[in-house]
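Spelled out, the chains give:
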Amino acid sequence: MDNNRLGGKSVILRLEMNTNEVHFGQVASSIFEAGGDIVAIDVIQTSQNVTVRDITITVTDTVDIGIITEMVKSLNGVRLVNISDRTFLLHLGGKIETKLKAPIQNRDDLSRVYTPDVARVCMAIHEEPRKAFTLTIKRNTVAVVSDGSAVLGLGNIGPYAAMPVMEGKSMLFKQLADVDSFPICLNTQDTEQIIATIKAIAPGFGGINLEDISSPRCFEIEQRLREELDIPVFHDDQHGTAVVLYAALINALKIVNKSIHEIKVVVCGIGAAGVACSKILLSAGVQNIIGVDRQGALVSGTTYDNGMWQWYAEHTNPNRVHGSLREVIQGADVFIGLSAGGLLRREDVMAMADNPIVFAMANPTPEIRPEEVEDIVGVIATGRSDYPNQINNVLCFPGIFRGALDCRATTINEEMKLAAAEAIASAISDDERSRHYIIPSVFNQAVVKAIRDLVIKAAMKTGVARRIPREYR
Ligand SMILES: NC(=O)c1ccc[n+]([C@@H]2O[C@H](COP(=O)([O-])OP(=O)(O)OC[C@H]3O[C@@H](n4cnc5c(N)ncnc54)[C@H](O)[C@@H]3O)[C@@H](O)[C@H]2O)c1
Ligand SMILES: O=C(O)C[C@H](O)C(=O)O
Ligand SMILES: [Mg+2]
C-alpha cells in the first residue's frame with residue numbers, strides 16, 4: 001500500500017532545539033535538502049537555550065517522510081519530540097458532531113422541547129404518523145450504514161475501521177447538500193440481522209444510504225429493504241457509482257468520438273459497483289460488455305455460486321470470450337476498474353483500441369496510476385480527488401438524496417438515477433469539455449442543485465413523490 005498517499009502529503013514535526021548547538025536555518029535547509037517544503041512554523045515554547053517549534057512540511061508523492069525525519073534527528077542539538085500526520089489530526093475525536101437548532105435558555109424553552117409540552121407533539125405524530133416528516137429530524141436525515149465488509153478497496157476491515165469513511169460521507173452530505181446524517185457501523189455481517197437492524201432504526205430517517213457492504217450480500221440486503229421500507233434505500237457503491245460513471249462515459253465518448261452502441265467495454269471487479277455500472281451501461285445501449293473477476297471473464301454456460309454472476313454472465317459477453325484480464329482487454333475501447341489497486345499494466349492499455357478510455361476507479365489505489373499511461377490514453381479518470389477527472393459517487397449521493405428528501409420520495413428509482421446522471425454530464429458544456437475535464441468538480445455547487453431539481457421532476461413524473469416542493473406547485 002502507498003503509505004505516503006494514504007498518510008497524507010503533509011506532516012507536522014515538533015522539534016526541540018538547543019540554540020547553543022543548532023540554528024533554525026540549519027534545520028530548515030536539511031529539511032529542504034531531503035525534499036520537504038516548510039509551509040508553516042509555530043513557536044510552541046521558548047527559553048534561553050531551548051526552543052520548541054512545530055514545523056509543518058509538505059512533500060510530493062515521491063519523497064519519503066522517513067528520510068526527512070532521519071535527517072533532522074541526525075543534527076546535533078535537535079530532538080524530534082513528535083510527528084503529527086495532518087490527516088490523523090483531522091480525525092481526532094471524529095469528524096462530525098451534533099448541533100442544536102435552538103438553545104434551551106430557560107424553563108419555558110425546557111418545557112417546550114422536553115416534558116411536558118413535547119408530549120403534545122408526540123401525540124400529534126401518533127395520531128397522524130406522516131407528521132414525523134414535519135415534526136422530527138426524519139425530514140432531513142439519512143442513515144449511512146455499513147457493516148465494514150468492503151470498505152473502499154481495503155476489503156473486510158470491520159465496523160470500527162469503517163467509521164472514518166462513513167463519517168466522511170456524513171460530512172459530504174451536510175456540506176454539499178445540507179442533508180443531516182448519522183454514520184452507523186453495524187457489528188454484524190449477517191444478512192438477516194442487518195436487514196432487521198436497519199428496519200428497526202428506520203423511523204428516525206428519511207432515507208437509508210448503504211455503504212461499503214460486500215457483494216453478493218449487498219444485493220439481497222438492498223432489495224429486501226427496498227421492498228420492506230417506505231423510504232429510499234440506496235446502495236451508494238452500486239447506484240451512486242453507476243450514475244457518476246455513466247455521466248463520465250457520456251462525456252469521455254464525446255472526446256474520443258465513439259458511439260456508445262459500438263464500444264467494447266471491459267469491467268474489472270464484478271462486485272457491488274461493477275454489477276451496477278454494467279447494468280446502467282446495458283440499459284444505455286452498450287452491446288459488448290465483458291466482466292472480469294479474480295478467475296477471469298464471466299461467460300454464459302458456466303455455473304457460478306454467486307447468483308449475481310450467473311445473471312451477469314447471461315446478460316453480457318455476447319461473443320462468449322474466455323480468459324484473463326490480460327487476454328480480454330485486447331482491442332477494448334473502455335476499461336472500467338472497480339476491483340483493487342495496481343491490476344492494470346501499461347502493456348494492457350497498449351493492447352486496447354485507439355484512444356482508449358481508462359476509468360481506474362478502485363480506491364484509494366487505482367488499478368493503474370494516470371502518470372503511467374497518460375501519454376497513450378484518450379481519457380483517464382480515477383476515483384481520487386488528487387488527479388483530474390474524479391469519478392466518485394460523492395458527485396451523486398448528496399444531490400440525489402437532497403432531491404429525494406425534498407419531495408419525500410418513497411424510493412429512488414431508475415428514472416431518478418438517470419436524471420442524476422444527466423444533470424452531472426450536462427454540468428460540463430461543450431466548450432469546457434476536454435480530456436482532463438469530463439466530470440464536474442465535487443465543489444461545483446451548481447451540480448447538487450441540478451441533480452436535486454431533475455431528481456424531483458423524475459420522482460413526480462413516476463409517482464413516487466409524497467410532497468410536491470413549493471416551486472413545482
Ligand atoms: N470511484 C468510486 O466512486 C467507487 C465507488 C464504489 C466502489 N469503488 C471501488 O471499487 C472497488 C470495489 O468496490 P465494491 O464496493 O464493488 O466492492 P465488492 O467487494 O463488492 O467488489 C469487489 C470485486 O472486485 C473483485 N476483485 C478483487 N480483487 C480482484 C482481482 N485481483 N482481480 C479481479 N477482480 C478482483 C472481487 O472479487 C469482487 O468481486 C473498491 O476499490 C472501491 O473503492 C469506487
Ligand atoms: O468512498 C469513496 O471514495 C467511493 C466509494 O464509495 C468507495 O467505496 O470507494
Ligand atoms: Mg463506498
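Residues numbered from 1 in each chain as written. Chains lettered and ligands numbered in written order. Predicted model: local features only at pLDDT ≥ 70, side-chain atom pairs only at ≥ 80, totals over all residues. Heavy atoms only, no water.

For the protein, the name recorded in an unreviewed UniProt entry is Malate dehydrogenase (Oxaloacetate-decarboxylating), with Paenibacillus prosopidis as its organism. Regarding the protein, the relevant UniProt record gives this comment under Sequence similarities (unreviewed entry): "Belongs to the malic enzymes family." (UniProt positions renumbered as here; feature names shortened; annotations may be inferred.)

Asks: Help me understand the coordination of the magnesium ion (ligand 3), please; the structure alone is not making it clear to me.
Replies: Tetrahedral coordination by four donors puts the ideal angle at the metal at 109.5 degrees, and octahedral coordination by six puts it at 90 or 180 degrees. Ligation of the magnesium ion (ligand 3) by protein atoms is provided by Glu-211 (OE), Asp-212 (OD) and Asp-237 (OD), these donors lying 2.0 to 2.1 Å from the ion. If you list the donors of the magnesium ion (ligand 3) from N- to C-terminus, the spacing comes out as E-D-x24-D. Remark: Asp-237 occurs in helix α11 (residues 236–256) and Asp-212 occurs in the loop between β7 (207–210) and α10 (217–228); sequence separation between them is 25 residues. Side by side, Asp-212 and Asp-237 carry an identical accessibility label, which is buried. (Donors = N, O, S within 2.8 Å, 3.2 Å for Na, K, Ca; no water. Helix = DSSP H or I, 4+ residues; strand = E, 2+ residues; numbered from the N terminus. Buried < 20%, exposed > 50% of the residue type's maximum accessible area, 1.4 Å probe, protein only.)

Asks: What am I meant to see in the state of the cysteines here?
Replies: Per the counting criterion, the structure on display carries zero disulfides. The thiol sulfur of Cys-218 is not disulfide-bonded, and the nearest other cysteine sulfur, from Cys-277, lies at 12 Å. In this structure Cys-407 is not part of a disulfide, and its nearest cysteine sulfur, from Cys-396, lies 14 Å away. (Disulfide = S-S within 2.5 Å.)

Asks: What should I look at first to understand the UniProt feature "binding site: (S)-malate" (unreviewed entry) in the protein in this one?
Replies: The feature "binding site: (S)-malate" (unreviewed entry), as annotated in UniProt, sits at Asn-363 and Asn-392 in this numbering. What stands out for the annotated residues spanning 30 residues is how close their C-alpha atoms remain, the widest pair being 9.4 Å apart. Along the chain, the position of Asn-363 falls in the loop between β13 (357–360) and α16 (370–373). Other than its neighbours up to four places away in sequence, Asn-363 contacts Leu-152, Gly-153, Leu-154, Gly-383, Arg-384 and Asn-392. The residue Asn-392 is located in the loop between β14 (379–382) and α17 (397–406) in this model. Ignoring any residue separated from it by four or fewer positions in sequence, one finds Asn-392 in contact with Val-244, Asn-363 and Gly-383. (Contact = heavy atoms within 4.5 Å.)

Asks: I tried to follow the site of ligand 2 on my own but got confused; where do I start?
Replies: Around ligand 2 lies a shell formed by Leu-152, Lys-169, Glu-211, Asp-212, Asp-237, Asn-363, Asn-392 and Asn-393. Interatomic distance of 3.0 Å between a side-chain N/O atom of Asp-237 and an oxygen atom of ligand 2. Asn-393 places a polar side-chain atom, nitrogen or oxygen, 2.9 Å from an oxygen atom of ligand 2. Protein coverage of the free-state accessible area of ligand 2, which is 260 Å², stands at 82%. (Near = heavy atom within 4 Å. Polar contact = N/O pair within 3.5 Å; in protein donor to acceptor, adjacent residues only side chain to side chain. Areas by Shrake-Rupley, 256 points an atom, 1.4 Å probe, with all protein chains shown as cover.)

Asks: Help me out: how do you make sense of the sheet that holds strand β2 (residues 37–46) in this one?
Replies: Hydrogen bonding along the main chain pairs the strands of a sheet, whether they run parallel or antiparallel. Taken in spatial order, the four strands line up as β2-β3-β1-β4 in an open sheet, and their pairing is antiparallel. In this open sheet, the two edge strands, each paired with only one partner strand, are β2 and β4 (78–85). Averaged over neighbouring strand pairs, the angle between their axes works out to 20° when direction is ignored. (Pairing = 2+ DSSP bridges. Axes fitted to C-alpha atoms, helices over the stretch in contact; angles between N-to-C directions.)

Asks: So what exactly am I meant to see when it comes to the pattern of salt bridges here?
Replies: Scanning the model with the defined rule gives 31 salt bridges in all. Between Asp-108 and Arg-112 there is a salt bridge; the shortest N-O distance is 3.2 Å. Taken together, the residues Asp-108 and Arg-112, both in helix α5 (residues 107–113) and four residues apart, mark about one turn of the helix. Of the residues examined, Asp-108 reaches a relative accessible area of 40% and is grouped as partly exposed. Across the pair Lys-169 and Asp-236 runs a salt bridge, and its minimum N-O distance is 3.3 Å. Of the two residues, Lys-169 sits in helix α8 (residues 158–177) while Asp-236 sits in helix α11, which places them 67 residues apart along the sequence. According to the relative accessible area criterion, Lys-169 is buried, its value standing at 10%. Because the salt bridges share partners, they merge into one network encompassing Arg-402, Asp-406, Lys-449, Arg-452, Asp-453 and Glu-471. (Salt bridge = Lys/Arg side-chain N within 4 Å of Asp/Glu carboxyl O.)

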